[in-house]
Amino acid sequence: MASTRNEFYALVLLCSMVATCAANFNQDFDLTWGDHRAKIFNGGQLLSLSLDKISGSGFQSKKEYLFGRIDMQLKLVAGNSAGTVTAYYLSSQGPTHDEIDFEFLGNVSGDPYILHTNVFTQGQGNREQQFYLWFDPTRNFHTYSIIWKPQHIIFLVDNIPIRVFKNAETMGVPFPKNQPMRIYSSLWNADDWATRGGLVKTDWSKAPFTAYYRNFKASEFSVSSNSFSDGAWQSNELDAYGRRRLRWVQRYFMIYNYCNDLKRFPQGLPAECRR
C-alpha cells in the first residue's frame, strides 16, 4: 500500500513539474449542448458527439490555456458524412476573440474528408488552409495537435506538422498571444457550405452521425518560468525532419491556401503571405 501511495505522489509531482498529464473527460470537460447526444463513458476515457436531424452536440474544457500543446485523438463520422462538420478548436470569447481551428468537413462515402484549418486574431480570420488526409480518419483514432507558442502556431496530424503560422507582428500582423483560450469541439450540420460548397446535402437517413474522442492531453508552457524541459518547446522552429514532413504534406495534400488565392485578395496578399 505504501509503495502504491508513493507511486501516486510521484506521478502527481511529475505532472505538476511539466504541467501535463493524460486527462479524464469527466474531470476536464463539460458537455455543453446537445442533451444526450454528447456522452462520456469508459470511466471518463472516451467521449462521443452525435448529430441527428434535431440537434448536434458539443463540449468545452473547464480550463483556459495560454500557450501550450493540445493533443486529442479523434475517430470521425464514418460512411456518408456529407454536410456534417466536426470542429475541434481553441477559442477565447467576445467580438475580438482569438481562435485556432481544426474543422473536418464530411463527404459522401468513399470520398476523402477535408481538413480545414484557420487562425483568428482579434476577431479576424480568413486564413484558411485545407488538406486531404493520407489515411481514412474514420477507421481508427488519429492524433490532432496544436502547438501554440509566442513565436508560432503549429498544426500537427499524428505528430506530422501540416501548417505553421508564424508570429509576424513586426509586419503589423496581429498574433494571438494575450487571450487565454478554452478547448471546444462540436458536431453539427453545415450542409449549406460544408460539402462541395453546399451542393451535397446531409442524408438524414444515415443519422445519427457520431464522432469519438480519447487520449486528450494538455501540456502548458509558461513563458515566464521557462521551466519546460522538452527540447522541442525550447526551440523556436521545426527541426530539419519536421520541415521535410511539412513540405511533404503541403506538396501532396494541401488543396487550398489563402496565400495563393490572388482572386480573393485583388489588392494584394495578406502581409504574412509575403514573408
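My aim in this report is to walk through the structure given alongside it, one point at a time. Position numbers for residues count from 1 along each chain, tracking the sequence in the order it is written. Whole-chain, interface and lining totals are the exception, using all residues; otherwise, since this is a predicted model, local features are given only for residues with pLDDT of at least 70 and side-chain atom pairs are given and counted only at 80 or more. Only hydrogens and water are set aside when side-chain values are computed; all heavy atoms of the structure are taken into account.

**What about the overall build of the chain?**
Note the cut-off: Counting from the N terminus, the helices are the DSSP runs of H or I reaching at least four residues and the strands are the DSSP runs of E reaching at least two. Contacts are assigned to residue pairs that have any heavy atoms within 4.5 Å of one another. The Shrake-Rupley method, run with a 1.4 Å probe sphere, supplies the accessible areas, and residue values consider only the shown protein chains as cover.
Scanning the chain from N- to C-terminus turns up four helices and 16 strands. Across the chain, the fraction of contacts at a sequence separation of at least 24, relative to all contacts at a separation of at least 6, is 66%. Accessible surface for the chain amounts to roughly 13,800 Å². Of this, 50% is attributable to carbon and sulfur atoms.

**Brief notes about the packing of aromatic side chains**
The description of an aromatic ring pair uses the distance of the two centres, along with the angle that the planes make with each other. We apply this condition: The aromatic pairing rule takes the rings of Phe, Tyr and Trp, using the six-membered ring of Trp, and pairs them if the centres are within 6.5 Å, calling planes under 30 degrees apart stacked, those over 60 edge-to-face and the rest tilted. The classification of residues rests on relative accessible area computed with a 1.4 Å probe and restricted to protein chains. Under 20% of the type maximum is buried, over 50% is exposed, and intermediate values are partly exposed. Should the NZ of a Lys or the CZ of an Arg lie within 6 Å of a ring centre and within 35 degrees of the ring normal, that charge is described as sitting over the ring.
Evaluated as defined, the whole model comprises 19 aromatic pairs. Ring centres of Phe 29 and Phe 216 lie 4.8 Å apart, and the angle between their planes is 80°; this geometry places the pair in the edge-to-face category. Here the residue Phe 29 occupies a position in strand β2 (residues 29-33), and Phe 216 occupies one in strand β15 (residues 209-220), the gap between them amounting to 187 residues. By relative accessible area, which is 3% here, Phe 216 ends up buried. Above the face of the Tyr 212 ring, Lys 75 is positioned so that its terminal group lies 5.9 Å from the ring centre. Arg 245 extends its terminal NZ or CZ atom over the ring of Trp 248, reaching a point 4.6 Å from the ring centre.

**A word on the environment of Asn 167**
To keep things clear, this is the line we draw: Any pair of nitrogen or oxygen atoms within 3.5 Å is treated as a polar contact; in protein, a donor-acceptor pairing is required on top of that, and neighbouring residues in sequence qualify only through side-chain atoms on both sides.
Residue placement: Asn 167 occurs in the loop between β13 (160-166) and β14 (182-189). Residues Asn 167 and Gln 151, 16 residues apart in the sequence, show an inter-C-alpha distance of 5.3 Å. Sequence-distant contacts of Asn 167, that is, excluding residues within four places in its chain, are made with Pro 150, Gln 151, His 152, Phe 175 and Arg 275. Polar side-chain contacts of Asn 167 include one of 2.9 Å to the backbone nitrogen of Glu 169.

**With respect to the sheet that holds strand β10 (residues 129-132)**
So the rule is basically this: Paired strands, as defined in this entry, are two strands with at least two bridges between them according to DSSP. Between N-to-C directions, angles cover 0 to 180 degrees, with each direction set by a line fitted to C-alpha atoms, over the stretch in contact for helices.
Strand order in the open sheet formed by eight strands is β2-β5-β14-β7-β8-β9-β10-β16, with antiparallel pairing between adjacent strands. Two strands lie at the open edges of the sheet, namely β2 and β16 (254-257), each paired on one side alone. For this sheet the average axis-to-axis angle between neighbouring strands, irrespective of direction, equals 15°. The pairing of β2 with strand β5 (residues 57-61) spans four bridges and is classified as antiparallel. Paired with Asp 30 across the bridge in β5 is Gln 60.

**Here's the deal with unusual backbone geometry**
Residue Pro 208 is reached from Ala 207 by a cis peptide bond, and omega for that bond is 0°. Mapped onto the elements, Pro 208 comes out in the loop between β14 and β15. The residue Asn 126 is not glycine, and still its phi comes out positive at about 60°. On the basis of relative accessibility, which here comes to 41%, the residue Asn 126 falls in the partly exposed class. Look at Asp 158: it is not a glycine, yet its phi comes out positive at around 50°.

**With respect to the pattern of salt bridges**
The cut-off we apply is this: Any carboxyl oxygen of Asp or Glu that lies within 4 Å of a side-chain nitrogen of Lys or Arg is treated as forming a salt bridge with it.
Counted by the stated rule, this structure contains eight salt bridges. With a shortest N-O distance of 3.1 Å, Arg 127 and Glu 272 are connected by a salt bridge. One end of the pair, Arg 127, is in the loop between β9 (114-120) and β10; the other, Glu 272, is in the segment after β16, and 145 residues separate them in sequence. Exposure remark for Glu 272: the relative accessible area of 13% places this residue in the buried category. Residue Glu 128 is joined to Arg 264 by a salt bridge in which the shortest nitrogen-to-oxygen separation is 2.7 Å. Here Glu 128, found in the loop between β9 and β10, pairs with Arg 264, found in the segment after β16; they are 136 residues apart in sequence, far enough to count as distant.

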